[in-house]
Amino acid sequence: MAQIQVKLVRSAIDRPERQKRTVQSLGLNKLNSTATHEVNPSVMGMVKSVQHLLQVTEL
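Counting from 1, residues in each chain are numbered in the order their sequence is written. This being a predicted model, a pLDDT of at least 70 is required before a residue's local features are given, and a value of 80 or more before pairs of side-chain atoms are given or counted; all residues contribute to the totals for chains, interfaces and linings. Processing note: side-chain calculations cover all non-hydrogen atoms of the structure and skip hydrogens and water entirely.

The protein chain is annotated in an unreviewed UniProt entry as Large ribosomal subunit protein uL30 from Hymenobacter glaciei. UniProt positions are given in the numbering used here, feature names are shortened, and annotations may be inferred rather than shown by experiment. What UniProt records for the protein chain under Subunit (unreviewed entry) is the sentence "Part of the 50S ribosomal subunit." UniProt annotates the protein chain under Sequence similarities (unreviewed entry) with the comment "Belongs to the universal ribosomal protein uL30 family."

Participant: What is the right way to read the sheet that holds strand S2 (residues 34-38) from this model?
Facilitator: Adjacent strands of a sheet form backbone hydrogen bonds with each other and so pair up, either parallel or antiparallel. Here the rule is simple: two strands pair whenever DSSP picks up at least two bridges between them. Counting from the N terminus, the helices are DSSP H or I runs at least four residues long and the strands are E runs at least two residues long. Taken in spatial order, the three strands make up an open sheet running S2-S1-S3, and their pairing is antiparallel. Here the strands that pair on one side only, and so sit at the sheet edges, are S2 and strand S3 (54-58). Across this sheet, the average inter-strand angle for adjacent strands is 25°, counted without regard to direction. Examined bridge by bridge, strand S1 (residues 3-8) and S2 share five bridges and lie antiparallel to one another. If you follow Gln3 over to S2, its bridge partner there is Glu38. Residue contacts follow a heavy-atom distance rule, with two residues in contact if any of their heavy atoms lie within 4.5 Å. Note on definitions: angles span 0 to 180 degrees between N-to-C directions of axes, and those axes are lines fitted to C-alpha atoms, for helices only across the stretch in contact. Together, S1, S2 and S3 form the strand contacts of helix H2 (residues 41-49), whose direction differs from that of S1 by roughly 30°.

Pasting the structure below:
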């Protein structure tokens with residue numbers, strides 16, 4: 001399976017609670033933290049909903 005690395009590059013402060021929880025569920029806590037995930041529809045949906053806060057790299 002393909003993998004992606006997501007990095008939190010913009011803060012979730014002053015964002016809706018739903019976006020904050022999505023960022024947390026991706027495993028991102030602090031600014032510039034990274035997490036690696038398998039590509040599947042649920043992860044890609046979460047990434048798409050907060051793509052304005054993330055940097056996504058394919059591995």
